Amino acid sequence: MTPSASPSGPATSTRRPNVLVFFTDQQRWDTTGLHGNPLGLTPVLDRLAAEGVSVDRSFTCQPVCAPSRASLQTGQYPTTTGVFRNGLPLPRDTPSLARSFREAGYATGYIGKWHLAGDHTSGPVPEEDRAGYDHWLAANLLEFTSDAYETTLYDGSGAPHRFEGYRADALGTAAIDFIDRDRDRGGDRPFFLFLSFLEPHHQNSRDDYPAPTGYRDRYATPWVPSDLATLGGGNWAEHLPGYYGMVRRLDEVLGRVVAALERRGELDETVILFTSDHGCHFKTRNDEYKRSVHDASLRVPTVLRGPGLWGGVRLPELVSHVDLPPTLLRAAGVPVPEEMQGRSLLPLLPGGDGGHGGDGEEAEWPREVLFQISESEVGRGLRTDRWKYAATAPDADAWNDPRAERYEDAYLYDLRSDPDELVNLVADPAHGHVLEELRQRLVRRIVDSGEPRPTVTAHKPAPKDGSEDTA
């Protein structure tokens, strides 16, 4: 079932809107029809975008699961939350989306993968580690408590619930149950539901992309994004068919959830956000799937629809994950905590309002997004209209160091002439002036993100004779 025709304005109900986050894992932006994928994988999402708002250039703060998820729950950069890599818990007193919505009278719910309770558990999550959510049906590390057709989630008491059928279908059914059951609780309370899938992330236990039965075969001759086709290597030739089958099924689950809201007459009174935690480069950039500075890792599909979010708008601005939590709160008329570091997108829309953080002040939209890299290397970078620039800390411990005092130029791509980021220009003397400007901008953005001011230096090429340069 597809969404109904978009209304011409906000819902007429005086009640605050419901808010639903449909959150996927490791989904590239170019898996969607609205970004040019020709395979018809996402007709429901494409329709939502045509009725609502497509954030055409949307980027994660850090391309790895836990840091990205921490940003989505808090509106803060990963190092601000303290979750700068996987395996670290979200601090228990951190202001969060769930706490803000709950304080505003919302029924809050979380279903699916959490990945913010540290390494002490793969399954049940203690109440104090749930960031304020009331209804709970999740697993800390869903990739280790489930497989494609074997799903176990844990309720608020820690009891396991096992589901039959495909994993994404099970989560979708649980979400529909929440929507239906929670609406019968009495009164006129809106809900905030965060629905977090594992698809289309690989199945860790066997490094595979397990699509529903028969779906891999549908895409046996897949459309190949140009960066993957040009780079060669990696394992995309083996895994794209399954990956695309997983994306297709996610869209079908989205259709079921949308139909449930429509059946209740609440679709147009629900703010829907669709986004993903990071992308996937299929081992073409390093020896795993993300943790790189490239758009394949950083860029994600992001669509909003609902009250105040109509009109088929395609936003051209560069948007960070930290901007999405304040956008949801503003769209629902809920105060934005001062601690949130992002900006609401509503001022960018016709008739919108909102602003930066909790102060409600409008300001010129940033000309770049800041991203952080951990685990593979300690890095900081900018994505602008034209340039992808990143500096890394050669002496830092990529697992244990959240930041560095000194960074060195490491990556520079001209996205205008090289959108697939194939030619690293960082050592090209002709781009010295570009690098100098980007270094200064990067330092400003790092400081604005709450980190100490670092030193960022020029790239130092290795000696041609292989000897150590002691100058």
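As annotated in an unreviewed UniProt entry, the protein carries the name Sulfatase and comes from Streptomyces javensis. The UniProt entry for the protein carries the following text under Sequence similarities (unreviewed entry): "Belongs to the sulfatase family."

Visitor: Looking at this structure, how should I read helix H1 (residues 43–51)?
Guide: Given 3.6 residues per helical turn, the α-helix brings residues three or four places apart onto the same face. Every buried residue of H1 is listed here: Val-44, Leu-45, Leu-48, Ala-49 and Glu-51. Seen along its axis, H1 keeps its buried residues to an arc of 165 degrees; they face one direction. Packing partners of the buried residues in H1 comprise strand E2 (53–59), helix H9 (236–263), strand E9 (270–276) and strand E11 (303–305).

Visitor: Sorry if this is basic, but what is going on with the pattern of salt bridges here?
Guide: Proximity of charged atoms lets side chains of opposite charge pair with each other. Counted by the stated rule, this structure contains 42 salt bridges. Where Arg-264 meets Glu-266, a salt bridge forms, and the shortest distance between an N and an O atom there is 3.3 Å. Residue classification places Glu-266 among the buried residues on the basis of a relative accessible area of 8%. Several salt bridges converge on common partners, so that one network encompasses Arg-15, Asp-180, Arg-263, Arg-264 and Glu-266.

Visitor: Just checking my understanding: could you explain the nonpolar core for this structure?
Guide: Generally speaking, soluble globular proteins have nonpolar side chains that are buried together. One finds Phe-22, Ile-111, Leu-193, Leu-195, Phe-197, Leu-254 and Phe-282 to be the most contacted residues of the largest nonpolar core, which totals 54 residues. Sort the elements by how many residues they give to this core and H9 lands first, with 13 residues. Val-21, Phe-101, Trp-114 and Leu-329 belong to the second-largest nonpolar core, a separate cluster that totals 46 residues.

Visitor: Explanation requested: the sheet that holds strand E15 (residues 387–392) in the structure shown.
Guide: Within a sheet, adjacent strands bond to each other through the backbone by hydrogen bonds, running parallel or antiparallel. The mixed open sheet is built from 5 strands, whose spatial order is E13-E14-E15-E16-E17. With one partner strand each, in any of the chains shown, strand E13 (368–373) and strand E17 (455–457) form the two edges of the open sheet. Strand-to-strand, the axes of this sheet are offset by a mean angle of 25 degrees, without reference to chain direction. Alignment of E13 against strand E14 (residues 379–384), held across 6 bridges, turns out to be antiparallel. Bridge pairing in E14 links Val-369 to Arg-383. Packing against the sheet, helix H12 (residues 432–448) makes contact with E13, E14, E15, strand E16 (406–414) and E17, and its axis sits at approximately 110 degrees to E14.

What counts and how
Residue numbers here run from 1 along each chain, matching the order of that chain's written sequence. Per-residue local features of the predicted model are confined to residues with pLDDT of at least 70, and side-chain atom pairs are confined, for both listing and counting, to 80 or more; whole-chain, interface and lining totals are unaffected and use all residues. Think of the side-chain values as coming from all heavy atoms in the structure, minus any hydrogens and water. UniProt positions are given in the numbering used here, feature names are shortened, and annotations may be inferred rather than shown by experiment. Throughout, exposure labels follow a simple rule: accessible area from a 1.4 Å probe, protein chains only, divided by the maximum for the residue type, with under 20% read as buried, over 50% as exposed, and the rest as partly exposed. Numbering of helices and strands runs from the N terminus; a helix is a DSSP stretch of H or I covering at least four residues, while a strand is a stretch of E covering at least two. Note that the arc is defined by the directions from the helix axis to the C-beta atoms. The contact criterion used is simple: two residues touch if any of their non-hydrogen atoms lie within 4.5 Å. Definition used for salt bridges: Asp or Glu carboxyl oxygen within 4 Å of a side-chain nitrogen of Lys or Arg. Grouping buried Ala, Val, Leu, Ile, Met, Phe, Trp, Tyr and Cys residues that are joined through side-chain atoms within 4.5 Å yields what is termed a nonpolar core. Each pair of strands is called paired provided DSSP finds at least two bridges between the two strands. Only the stretch in contact is used when a helix axis is fitted, and all axes are lines through C-alpha atoms; the angle between N-to-C directions ranges over 0 to 180 degrees.

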